[in-house]
Amino acid sequence: MTKTGLVWFRNDLRIHDQISLVKAAKENDFVMGIYCFDPRQYEKDRFGFVKTANYRAQFLIETVNALQQELSEYNIPLFVHIGNPEEIIPEYVKIHTITSVYLQKEWTSEEVNVFENVKNAVSNTVDWIETYDQFLYHPEDIPYEIAKIPQVFTGFRKKCEKYASIRELETISKMPKKNRVEQLTKVPTLQDLGLPDFEKDTRSAFPFKGGEKAGLERLKQYSWDTKKLSYYKKTRNGLVGTDYSSKFSAWLANGSLSPRMIYHEIQKYESQIVKNQSTYWMIFELIWRDFFKYISLKYRNDIFKLEGILHKQYDWNSDPKLIQQWIDGETAEPFVNANMLELKRTGWMSNRGRQNVASYFARTLQLDWRIGAAYFESVLLDYDVHSNYGNWMYVSGVGNDPRNRTFNVKLQAERYDTNKKFQNLWLQTSLF
Ligand code: FAD
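About the thresholds
- Residues numbered from 1 in each chain as written.
- Predicted model: local features only at pLDDT ≥ 70, side-chain atom pairs only at ≥ 80, totals over all residues.
- Heavy atoms only, no water.
- Phe/Tyr/Trp six-rings, centres within 6.5 Å; stacked < 30°, edge-to-face > 60°.
- Helix = DSSP H or I, 4+ residues; strand = E, 2+ residues; numbered from the N terminus.
- Buried < 20%, exposed > 50% of the residue type's maximum accessible area, 1.4 Å probe, protein only.
- Lys NZ or Arg CZ within 6 Å of the ring centre and 35° of its normal.
- Near = heavy atom within 4 Å.
- Polar contact = N/O pair within 3.5 Å; in protein donor to acceptor, adjacent residues only side chain to side chain.
- Areas by Shrake-Rupley, 256 points an atom, 1.4 Å probe, with all protein chains shown as cover.
- Nonpolar A, V, L, I, M, F, W, Y, C, P; charged D, E, K, R; others polar.
- Domains from an automatic or database assignment.
- Axes fitted to C-alpha atoms, helices over the stretch in contact; angles between N-to-C directions.
- Parallel < 35°, antiparallel > 145°, perpendicular 65-115°, else oblique.
- Left-handed = near helix turned anticlockwise from the far one by under 90°.
- Contact = heavy atoms within 4.5 Å.
- Arc of directions from axis to C-beta.
- Pairing = 2+ DSSP bridges.
- Buried area = accessible area lost by both parts, 1.4 Å probe.
- Salt bridge = Lys/Arg side-chain N within 4 Å of Asp/Glu carboxyl O.

(A) View of the packing of aromatic side chains. Considering all chains together, one arrives at 42 aromatic pairs under this definition. Aromatic pair F156 and F291: ring centres 5.3 Å apart, planes at 50°, arrangement tilted. A residue pair is termed long-range when its members are at least 10 positions apart, and F156 in helix α5 (residues 153–163) and F291 in helix α10 (residues 277–299) qualify at 135 residues. Here the two residues F156 and F291 agree in accessibility, since each one is buried. Ring centres 5.9 Å apart and planes at 50° place the aromatic pair F291 and F292 in the tilted group. Neither residue differs from the other here; F291 and F292 are each classed as buried. We note K233 situated over the ring of W281; from NZ or CZ to the ring centre the distance is 4.5 Å. Above the plane of the ring of Y416 lies R352, whose end atom (NZ or CZ) is 4.2 Å from the centre.

Spelled out as structure tokens, the structure:
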């Protein structure tokens, strides 16, 4: 019997180190890919924010375009549609007599619901092959059962560093020419998704393009070409420019860059250029990224609840005027305003900025943190469900911060924006 595998791409939009793709190519006579722009992801959420606003949507469009081209070099067609996966995928399964569907394993409720609906809508007998492919440390390799993931990051990191290793990269080989099929589907535009076009702000700290080639190029540029990686620990709290931090997050979030790829590249860099605190710190931060994924794997939907994983009750409010002022950069704190304007105009904000604006929102103004998180979800270029909700809970006192702090925004501005370069960049010109 002819075996035909369908790779259902979601947040694993790459060819390098892509386990579903590698498995599908090994196990089948024919392989094809599919990506669905799910219209529900472009509608308004319960707080009135478009779930995926134009910055991230544009980055995604660029990513899927790049993926389609790259797959075609491997003789693999990528079909792209706007529509609900539960309506589109069963059609493909039927028409192309698909025998197995390969996909990255997700566990957050929206993704799980859609997957269940797809499975229910498929009448053929199909093998569903799900693989965790978003982690640095694979869930089978960590020295913990998921139920016993610790509450505090340091313990988790130390034990993983000591007992777990990071897997080697997987590579796919080219499919034979007969695998090519004519495919006439096109990647949508922002307009097709019902979103407005925009001009890129010249002040953006993230002037990069979507797509795995661009992500790999950024990795090369940040490490081998400019050697900025060697200084990461000293610059990572910066606020202005492209190079104070790696900016890998947007590619990591939609899976166009593999965290294992970054890790192995750093290993090479350490053996050929320099091994120092900065090169280590980049891996340390990637472990934070894993940690939030493990926290959400352990606590599931609790990460979306007001009382968080700690089940803590606070006196939250949801004053629409305060929320709007925060979004528009019109609060009493210039440092918060500068960061919020950067986010609104570019879809980007530094880690230092995110910590401050989130702390100001949830702790100083005592606004329902889920509304701030939903706004981030809408606008951020690099939105990732685990990192976003994990960090918001952390800052808001319902997550993994053992110190339960409130940021002193004025002191933070003095320390990290001493000469007001960042504030001037966003506040002075915002008048025009
Ligand atoms: P670098 O400093 O160069 O770090 C390298 C990589 O390490 C990042 O790309 C990221 O994958 C990981 N990393 C670094 N810091 C963190 C962190 N605190 N938590 C998890 N991973 C980390 N990150 C997202 O990717 N998506 C989000 O939706 C997101 N929402 C956030 C919301 C709040 C309130 C806060 C405080 C932080 C959030 N972060 C999020 C984490 C962090 O701010 C970004 O990952 C980082 O700023 C991205 O820039 P970079 O790639 O240049 O990071």
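There is more to say, and it comes next.
(B) Highlighting the site of the ligand. Y232, S245, S246, K247 and N351 are the nearest of the 26 residues found near the ligand. Between the ligand and the protein, one listed contact pairs an oxygen atom with a side-chain N or O atom of S246 at 2.6 Å. F248 places a polar main-chain atom, nitrogen or oxygen, 3.1 Å from an oxygen atom of the ligand. Its free accessible area being 820 Å², the ligand has 96% of it covered by the protein chains. Breaking the shell around the ligand down by element, the ones donating at least two residues are α8 (249–254), α10, α13 (351–364) and α15 (385–396). Sorting elements by how many residues they give to the shell around the ligand places α10 first, with 5 residues. Here the shell around the ligand is built from residues that sort into 12 nonpolar, 8 polar and 6 charged. Residue assignment places the shell around the ligand across two domains, with domain 2 (212–303) and domain 3 (305–427) each supplying three or more.

(C) Inspection of the packing of helix α6 (residues 212–225) against helix α9 (residues 259–272) at higher detail. Interhelical geometry of α6 versus α9 gives an angle of 25° and a closest axis separation of 11 Å. By the criterion of interaxial angle, the relationship of α6 to α9 is roughly parallel. Here α6 and α9 pass one another in a crossing that is right-handed. Judged by residue contacts, L216, L219, S223 and W224 of α6 engage M261, I262, E265, K268, Y269 and Q272 from α9. A per-class count over the contact of α6 with α9 returns 6 nonpolar, 2 polar and 2 charged.

(D) Representation of α6 in the model. Taken as a whole, α6 has its buried residues at E212, G215, R218, L219, Y222 and S223. Projection of α6 onto a plane perpendicular to its axis shows the buried side chains occupying an angular sector of 125°, all on one side. Buried residues along α6 sit in contact with α2 (54–73), α7 (232–235), α8, α9 and α10. One or two steps after α6, the chain reaches K227, where phi turns positive at roughly 60°.

(E) Just the pairing of strand β2 (residues 30–37), in detail. Within β2, 7 of the 8 residues are buried, leaving the element largely enclosed by the surrounding structure. Pairing analysis gives 5 bridges linking strand β1 (residues 4–8) to β2, with the strands arranged parallel. When the sheet's bridge partners are listed, T4 is paired in β2 with F30. Inspection of the sheet shows β2 paired to strand β3 (residues 78–82) by 5 bridges, in the parallel sense.

(F) Structural view of the domain arrangement of the protein chain. Per the domain assignment, the segments of the protein chain are domain 1 (4–133), domain 2 (212–303) and domain 3 (305–427). Between the C-alpha centres of domain 1 and domain 3 the distance comes to 32 Å. If you look at the interface, domain 1 gives 13 residues, while domain 3 gives 18 residues. Between domain 1 and domain 3, the buried area comes to about 1300 Å², and carbon and sulfur atoms account for 60% of it. Contact with domain 3 buries surface across domain 1, with F49, Y55 and R56 losing the most and accounting together for 51% of the total. There are 1 salt bridge connecting domain 1 and domain 3. For the pair domain 1 and domain 3, the number of links is 7 residue pairs in polar contact (both at pLDDT 80 or more). Broken down by class, the residue content of the side of domain 1 that touches domain 3 amounts to 7 nonpolar, 2 polar and 4 charged.

(G) Focus on the pattern of salt bridges. Inspection of the entire model under this criterion finds 26 salt bridges. Across the pair D141 and R167 runs a salt bridge whose closest N-O atoms are separated by 2.7 Å. Note that D141 is positioned in the loop between β5 (127–131) and α5 and R167 in the loop between α5 and α6, a separation of 26 residues in sequence. Judged by its relative accessible area of 26%, D141 falls in the partly exposed class. Residue E265 is joined to K268 by a salt bridge in which the shortest nitrogen-to-oxygen separation is 3.3 Å. Of this pair, E265 and K268 both sit in helix α9, 3 residues apart, which is roughly one turn of that helix. Linked by salt bridges that have partners in common, R14, D17, D133 and R260 make up one network.

(H) Expanded view of the sheet that holds β1. Spatial strand order, β3-β2-β1-β4-β5: 5 strands in an open sheet with parallel pairing. The sheet terminates laterally at β3 and β5, the two strands that pair on one side only. Neighbour-to-neighbour, the strand axes of the sheet open up by a mean angle of 25°, direction not taken into account. The strands that helix α3 (residues 85–95) touches are β1, β2, β3 and β4 (100–104); relative to β2, the one it contacts most, it runs at about 160°. Its contacts with the sheet put helix α4 (residues 109–121) on β1, β4 and β5, and the angle it makes with β5 is roughly 165°.

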